Amino acid sequence: MTDDHDVPAVLPAVLFVCLGNICRSPLAEAALRLEAERIGLAVRVDSAGTGNWHAGEPPDPRAQATAKAHGADISGLRARQVTSADFDRFTYVLALDRDNLATLARIAPTRHTARLALLMDMVPGRHGEPVADPYFGDDAGFEQTWTDVAEAARFIAASLTGA
């Protein structure tokens, strides 16, 4: 039995946002889910895109293969577009690059509760860095994306646990 003092009043929630929600943000979602599971962290995680042209589609097959190689199955995820409600449903709304961060800042409701930031700002020494979009590249680009989002996931999880 858990003591009520051990349960957070509000479960932290993280939304990762890239352009189409088929490459970078689903990989970031998978990386944080794996890290949270590894350390026993209760957190709600999702991903979305600023664009809607891939809405309803599964992640890119190369993203799926990369996630699977690292122990995560993202085949059941479906792309969606970020909504105004997301800015109150999530504790953090984390953009994968500056262009998407600018779009999020532009579409965010005037009053919202989410902390809006660039994902790599969560990693010491990587402030302002984007996660490169691997879509038009080869498999190595997806592996580099995984490396970046997995590093960020470790720091996000640590910050949510107060470590």
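Residues numbered from 1 in each chain as written. Predicted model: local features only at pLDDT ≥ 70, side-chain atom pairs only at ≥ 80, totals over all residues. Heavy atoms only, no water.

Chemist: Quick rundown of unusual backbone geometry? Include the residues and the values.
Modeler: Notably, Asn21 is not glycine yet its phi reads approximately 65 degrees, a positive angle. Relative to the helices and strands, Asn21 resides in the loop between strand S1 (13–18) and helix H1 (24–39). (Helix = DSSP H or I, 4+ residues; strand = E, 2+ residues; numbered from the N terminus.)

Chemist: Could you give an account of the pattern of salt bridges, with specific residues and numbers?
Modeler: Summed over all chains, the structure comprises eleven salt bridges. Notably, a salt bridge pairs Arg80 with Asp86, separated by 2.9 Å at the nearest N-O pair. Linking Glu151 and Arg126 is a salt bridge whose minimum nitrogen-to-oxygen distance equals 2.7 Å. Of this pair, Glu151 sits in helix H5 (residues 139–161) while Arg126 sits in the loop between strand S4 (115–118) and H5, and the two are 25 residues apart along the sequence. The class of Arg126 is buried, set by a relative accessible area of 16%. The network of salt bridges with shared partners includes Asp46, Arg80, Asp86 and Arg89. (Salt bridge = Lys/Arg side-chain N within 4 Å of Asp/Glu carboxyl O. Buried < 20%, exposed > 50% of the residue type's maximum accessible area, 1.4 Å probe, protein only.)

Chemist: Can you break down the sheet that holds strand S3 (residues 92–95) residue by residue, with the values?
Modeler: Read from one edge of the open sheet, four strands run S2-S1-S3-S4, paired in parallel fashion. Every other strand in the sheet has two partners, leaving strand S2 (44–49) and S4 as the edge strands with one partner each. Taken over all neighbouring pairs, the strand axes of this sheet differ in orientation by 20 degrees on average, direction set aside. The pairing of S1 with S2 spans six bridges and is parallel. Residue Val17 lies in a different strand from S2, and its bridge partner there is Ala48. (Pairing = 2+ DSSP bridges. Axes fitted to C-alpha atoms, helices over the stretch in contact; angles between N-to-C directions.)

Chemist: Outline the environment of Asn52, supporting the account with residue identities and numerical values.
Modeler: Looking at the secondary structure, you find Asn52 in the loop between S2 and helix H2 (61–69). Overall, the relative accessible area of 46% leaves Asn52 in the partly exposed class. Residues Asn52 and Pro109 lie 57 residues apart in sequence; the distance between their C-alpha atoms is 19 Å.

Chemist: Go over the packing of H2 against H5 with me, naming the residues and quoting the values.
Modeler: Contact geometry for H2 and H5: axes closest at 9 Å, N-to-C directions at 55 degrees. When the axes of H2 and H5 are compared, the pair comes out oblique. Crossing geometry of H2 relative to H5 is assigned as right-handed. Between H2 and H5, the residues in contact are Arg62, Ala63, Thr66 and Ala67 and Asp139, Phe142, Glu143 and Trp146, respectively. Taken together, the residues of the contact of H2 with H5 sort by class into four nonpolar, one polar and three charged. (Parallel < 35°, antiparallel > 145°, perpendicular 65-115°, else oblique. Left-handed = near helix turned anticlockwise from the far one by under 90°. Contact = heavy atoms within 4.5 Å. Nonpolar A, V, L, I, M, F, W, Y, C, P; charged D, E, K, R; others polar.)

Chemist: A description of the packing of aromatic side chains should follow, citing residues and the corresponding values.
Modeler: Two aromatic rings, taken as a pair, are described by how far apart their centres are and by the angle between their planes. Under the defined criterion, the tally for this structure stands at one aromatic pair. Pairing Tyr135 with Phe136 gives two aromatic rings, centres 4.8 Å apart and planes at 85 degrees, and the pair type is edge-to-face. For Phe136, a relative accessible area of 78% corresponds to the exposed category. Geometry around Tyr135 places Arg62 over its ring, the cationic atom sitting 5.6 Å from the centre. (Phe/Tyr/Trp six-rings, centres within 6.5 Å; stacked < 30°, edge-to-face > 60°. Lys NZ or Arg CZ within 6 Å of the ring centre and 35° of its normal.)

Chemist: Pulling in residues and values, what's your account of the packing of H1 against H5?
Modeler: At a minimum axis separation of 8 Å, H1 and H5 run at an interaxial angle of 45 degrees. Between H1 and H5, the angle falls in the class oblique. Between H1 and H5 lies a crossing of right-handed hand. Where H1 abuts H5, its residues Arg24, Leu27, Ala28, Ala30, Ala31, Leu32, Leu34, Glu35 and Ile39 lie against Phe142, Thr145, Trp146, Val149, Ala150, Ala153, Arg154, Ile156, Ala157 and Thr161. A per-class count over the contact of H1 with H5 returns 14 nonpolar, two polar and three charged.

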